[in-house]
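Geometric and topological summary
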Amino acid sequence: MRRRGSVLLPCLAVGVAPLERKWYGPEGKAIVGDPFHIQSNGSLLISDIQRQHQGNYTCSVNNAHGSDEISYFLRVLGKIHWRI
């Protein structure tokens, strides 16, 4: 992912409602606030990506019958500035 761009990480789930989804960031902490936006379908939108956003993102889905999760590794690429 390019720095300053945005990315959408899907969190698809099927099962008997209610489904509870939670997103966790690179430090294993629950995700809240800008630049993170959890969409109505459970996907995570990260806008204005910076280098500090690089790392693992995990979506955990639970209901009365069990749980599952998916993890993504987000790598943030930036421009290389050369000095002579």
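See the structure above.
Turning next to the pairing of strand E5 (residues 55–63). Remark: a regular strand shows side chains that alternate across the two faces of the sheet. Pairing of strand E2 (residues 20–24) with E5 involves 5 bridges; the strand directions are antiparallel. Of the residues in E5, the one forming a bridge with Glu20 is Asn62. Between E5 and the antiparallel strand that follows it, strand E6 (residues 66–74), lie 2 residues.

A few words on unusual backbone geometry. In this chain, Ala17 is followed by Pro18 through a cis amide linkage whose omega measures 0°. Positionally, Pro18 belongs in the loop between strand E1 (7–9) and E2. Of note, the bond from Asp34 into Pro35 is cis; its omega dihedral lies within 30 degrees of zero at 5°. Within the secondary structure, Pro35 sits in the loop between E2 and strand E3 (36–38). Positive phi, normally seen in glycine, also occurs at Asp48, with a value near 50°. One can find Asp48 in the loop between strand E4 (44–46) and E5.

What the largest pocket holds in volume is close to 200 Å³. In terms of lining, the largest pocket is formed by 14 residues, of which the most central are Leu12, Ala13, Val14, Val61 and Asp68. Counting residues per element, the ones that place at least two in the lining of the largest pocket are E5 and E6. With 5 residues, the top contributor of residues to the lining of the largest pocket is E6.

Moving on: the sheet that holds E3. Spatially, 3 strands are ordered E1-E4-E3 in an open sheet, and the strand pairing comes out antiparallel. Only two strands of the sheet have a single neighbouring strand rather than two, namely E1 and E3. Averaged over neighbouring strand pairs, the angle between their axes works out to 20° when direction is ignored. Note: E3 against E4, 3 bridges, orientation antiparallel. Within the sheet, the bridge partner assigned to Phe36 lies in E4 and is Ile46.

Moving on, we get to the environment of Thr58. By the secondary structure assignment, Thr58 is in strand E5. As for Thr58 and Cys11, which are separated by 47 residues in sequence, their C-alpha atoms are 9.0 Å apart. Among all residues touching Thr58, those that are not within four sequence positions of it are Lys22, Trp23, Tyr24, Glu69, Ile70 and Ser71. Side-chain polar atoms of Thr58 contact the side chain of Ser71, separated by 2.7 Å.

The rules behind each value
Residues numbered from 1 in each chain as written. Predicted model: local features only at pLDDT ≥ 70, side-chain atom pairs only at ≥ 80, totals over all residues. Heavy atoms only, no water. Pairing = 2+ DSSP bridges. Helix = DSSP H or I, 4+ residues; strand = E, 2+ residues; numbered from the N terminus. 1 Å grid on protein atoms, 1.4 Å probe; cavity = no way out; pocket = protein on both sides within 12 Å on 5 of 7 lines; lining within 4 Å. Points joined across faces, edges and corners; volume = space filled by probe spheres on them. Axes fitted to C-alpha atoms, helices over the stretch in contact; angles between N-to-C directions. Contact = heavy atoms within 4.5 Å. Polar contact = N/O pair within 3.5 Å; in protein donor to acceptor, adjacent residues only side chain to side chain.

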